[in-house]
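# Analysis of the macromolecular model
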Amino acid sequence: MTELPPWCCVPVELTAEEVAFLDGLPDGAHTVESVRPCEIQEGHEGVHMSLGQAAKDDVEWWILWDDAGGREIGVLPPCEIEDPESEHQCVLPLGHPGRCGFALD
Ligand SMILES: [Zn+2]
Ligand SMILES: [Zn+2]
């Protein structure tokens, strides 16, 4: 077994308004926590990404942020790559940097 690099895990802290917004989306699958870790592979390029909320009709709201303090919350389509072994679809957004989510456990 080769050892896979870990998650990036750089945290983002949401404001109360942002938590309330994500918590208030229709059919939200998750209880929104105010601090979220980046879910991309460690050492990745570009912005950090963390799933904010999975809402009605599988609409996924992602939090994107950079080290300079910029931040954006928006809907991103899912990555379409499947794990050939488990057939689980990657949980990260389309075009994410680094390895797919299922390869990072
Ligand atoms: Zn990151
Ligand atoms: Zn992927």
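Everything numeric in this text was worked out from a predicted model, so none of it was measured.

## A short note on the nonpolar core
Leu14, Leu22, Trp62 and Ile63 are the most contacted members of the largest nonpolar core, which has 21 residues in total. If you list the elements that add at least two residues to this core, you get α1 (16–23), β3 (48–55) and β4 (59–65). Of the residues forming this core, the biggest block, five residues, is contributed by β4. If sequence neighbours within four positions are ignored, Trp62 has contacts with Glu39, Met49, Ser50, Leu51, Gly52, Glu72, Ile73, Gly74, Leu76, Val91, Leu92 and Pro93.

## Re the sheet that holds strand β5 (residues 71–75)
Strand order across the open sheet formed by three strands is β3-β4-β5, with antiparallel pairing between neighbours. In this open sheet, the two strands that pair with only one neighbour each are β3 and β5. Each neighbouring strand pair of the sheet contributes to a mean axis angle of 20°, computed without reference to strand direction. Pairing analysis gives seven bridges linking β3 to β4, with the strands arranged antiparallel. Paired with Ser50 across the strands is Ile63, a residue of β4. On the sheet, α1 packs against β3, β4 and β5 and is oriented at approximately 5° with respect to β5.

## Details of the pairing of β4
Counting buried residues in β4 gives six out of seven residues, a clear majority hidden from the surface. Turn length for the β3-β4 hairpin, with the two strands adjacent in sequence and antiparallel, is three residues, and the turn residue Asp57 shows positive phi of about 60°. The pairing of β4 with β5 spans five bridges and is antiparallel. Residue pairing in the sheet places Trp62 in a bridge with Gly74 of β5. Between β4 and the antiparallel strand that follows it, β5, lie five residues; Gly69 among them carries a positive phi value of about 100°.

## Some thoughts on the coordination of the zinc ion (ligand 1)
Metal coordination angles have textbook ideals: 109.5 degrees for a tetrahedral set of four donors and 90 or 180 degrees for an octahedral set of six. Protein coordination at the zinc ion (ligand 1) comes from Cys8 (SG), Cys38 (SG), His44 (NE2) and His48 (ND1), with a distance range of 2.0 to 2.3 Å. Donor residues for the zinc ion (ligand 1) sit on one chain with the sequence pattern C-x29-C-x5-H-x3-H. The burial state of His44 is the same as that of His48; both residues are buried.

Cut-offs used in this document
- Residues numbered from 1 in each chain as written.
- Chains lettered and ligands numbered in written order.
- Predicted model: local features only at pLDDT ≥ 70, side-chain atom pairs only at ≥ 80, totals over all residues.
- Heavy atoms only, no water.
- Core = buried A, V, L, I, M, F, W, Y, C linked by side-chain atoms within 4.5 Å.
- Buried < 20%, exposed > 50% of the residue type's maximum accessible area, 1.4 Å probe, protein only.
- Helix = DSSP H or I, 4+ residues; strand = E, 2+ residues; numbered from the N terminus.
- Contact = heavy atoms within 4.5 Å.
- Pairing = 2+ DSSP bridges.
- Axes fitted to C-alpha atoms, helices over the stretch in contact; angles between N-to-C directions.
- Donors = N, O, S within 2.8 Å, 3.2 Å for Na, K, Ca; no water.

By themselves, these figures tell us nothing about what the structure is for.
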